[in-house]
Amino acid sequence: MKKSAQATINDVARLAGVSKKTVSRVINRSPLLNEETRERVEKVIAEIGYVPNPQARALALRRNFLIGLIHDNPNPHMVLNVQHGLLEVLRDTEFELIVHPVDRGSPTMLDDIRRFLERQRPYGVMLLPPISENDSLADLCSEIGTRYVRMGSAPFDEAGHMVASNDREAVRGAVGHLVEMGHRRIGLVLGPHGFRSAFERSQGYEAAMEDADIPLQRTLIAQGDYTFESGMRAAERLLDLSPRPTAVFCSNDAMAAGVLHTARQRGLDVPRDLSIVGFDDTTIASYLWPPLTTVRWPIATMARAAALKLIGDGEDEESAESLFVSTLIRRASVAQATD
């Protein structure tokens, strides 16, 4: 066939000896294809001058080639890492990313999201915690016919709609590391009320203390909200205790930075006087001094998997990984207990 502006996806499929679905996968840079098939289809596309028309395809599908990121999360580092992971997959495809922040405290949140989905008609959406934990939101996506993937600190949906981490076990191991270093008065800075991640991480802390036969002391637990400032406030309370903790586990890196800042203000040496462990392994963890020992939450990897589920053809969604393991990254903010 000569080059023609009228070349269609059917022409490509026929000449390459594949299905239209396979051609779509090549266009969308799906990793589910072998190189021989990809090269054969790309060669036909180049030979006949086929140019995909996303507007026409969107009209036929009654969906735009948009992937929505819906969130209400106070941790900007986490949201940024999710965006990076999504864009790694969407780059060089027909899809674009659109970010839609919401207010989970608003009584009209679901109505607001409904208007967003009906107005923008995204191909699919990724839902970040804590709103991802709202079953009514998942039901809304299903009702409208919008693909969705939920991100969480534990599985709470089918594999095709879920990317989850093992927060409880990861924190159990991190606090267990502090115990191995001789610490027994270990403080905990909680995440915000209503976040599944905060609950899972606190349960990991409690499990580690139980493993070590260390009685749980509620005075060693301080409330936080995943912000630097809340870490400072939590540290003020914990470091006022007598005796004070010799180590603190913080439910995210931003709060760990706040604890470190307050400890320094009080003239404490980290880690000699106070060991600190965070969670996330965002950029801030390696920029602090001393560099922060923290649990690496595979945020970008989870986002990449979510994107693959969203732009897949429906048959391969569950073949993509759904459970991701967080690991402890040991740096310089933990030392052997001295008392």
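Residues numbered from 1 in each chain as written. Predicted model: local features only at pLDDT ≥ 70, side-chain atom pairs only at ≥ 80, totals over all residues. Heavy atoms only, no water.

Under an unreviewed UniProt entry, the name given to the chain is LacI family DNA-binding transcriptional regulator, and the organism recorded is Sphingomonas plantiphila.

A few words now on the sheet that holds strand β8 (residues 247-250). On the basis of which strands lie adjacent, the open sheet formed by six strands has the order β7-β6-β8-β9-β10-β12 and mixed pairing. Of all strands in the sheet, those with a lone pairing partner are β7 (221-222) and β12 (327-329), marking the two edges. Two strands pair when backbone bridges link them, and strand β9 (residues 275-280) and strand β10 (residues 293-296) are joined in this way by four bridges, in the parallel orientation. Each residue of the ladder has a partner; that of Phe279, found in β10, is Val295. Sitting on the sheet, helix α9 (residues 196-211) is in contact with β6 (186-189), β7 and β9, with an inclination near 170° to β6. (Pairing = 2+ DSSP bridges. Helix = DSSP H or I, 4+ residues; strand = E, 2+ residues; numbered from the N terminus. Contact = heavy atoms within 4.5 Å. Axes fitted to C-alpha atoms, helices over the stretch in contact; angles between N-to-C directions.)

Inspection of every chain in the model, using the stated rule, returns 22 salt bridges. With a closest N to O distance of 2.8 Å, Asp157 and Arg150 form a salt bridge. For Arg172, the salt bridge goes to Glu169, with nearest N and O atoms at 3.4 Å. Of this pair, Arg172 and Glu169 are both found in helix α8 (residues 167-180), three residues apart, which corresponds to roughly one turn of the helix. Glu169 gets classed as partly exposed once you look at its relative accessible area, which sits at 45%. Each of Arg114, Glu118 and Glu143 takes part in a single network of salt bridges with overlapping partners. (Salt bridge = Lys/Arg side-chain N within 4 Å of Asp/Glu carboxyl O. Buried < 20%, exposed > 50% of the residue type's maximum accessible area, 1.4 Å probe, protein only.)

The next thing to look at is the side chain of Arg150. Considering the arrangement of structural elements, one finds Arg150 in strand β4 (residues 147-152). Reaching out from Arg150, the side chain makes a polar contact with the backbone oxygen of Ser132 at a distance of 2.7 Å. If we skip the residues at most four places from it in the chain, Arg150 touches Leu127, Ser132, Glu133, Asn134, Asp135, Ala138, Phe156, Asp157, His161, Met162 and Val163. (Polar contact = N/O pair within 3.5 Å; in protein donor to acceptor, adjacent residues only side chain to side chain.)

Here we come to unusual backbone geometry. Each neighbour pair has its own omega, and for Val270 with Pro271 the value is 15°, a cis peptide bond. Mapped onto the elements, Pro271 comes out in the loop between α11 (253-265) and β9. Along the chain, Trp289 connects to Pro290 via a cis peptide bond; the corresponding omega equals -5°. Along the polypeptide, Pro290 turns up in the loop between α12 (283-287) and β10. If you check the backbone angles, Asp280 has positive phi at about 130° while not being a glycine. Relative to the helices and strands, Asp280 resides in strand β9. Judged by relative accessible area, which is 2%, Asp280 ranks as buried.

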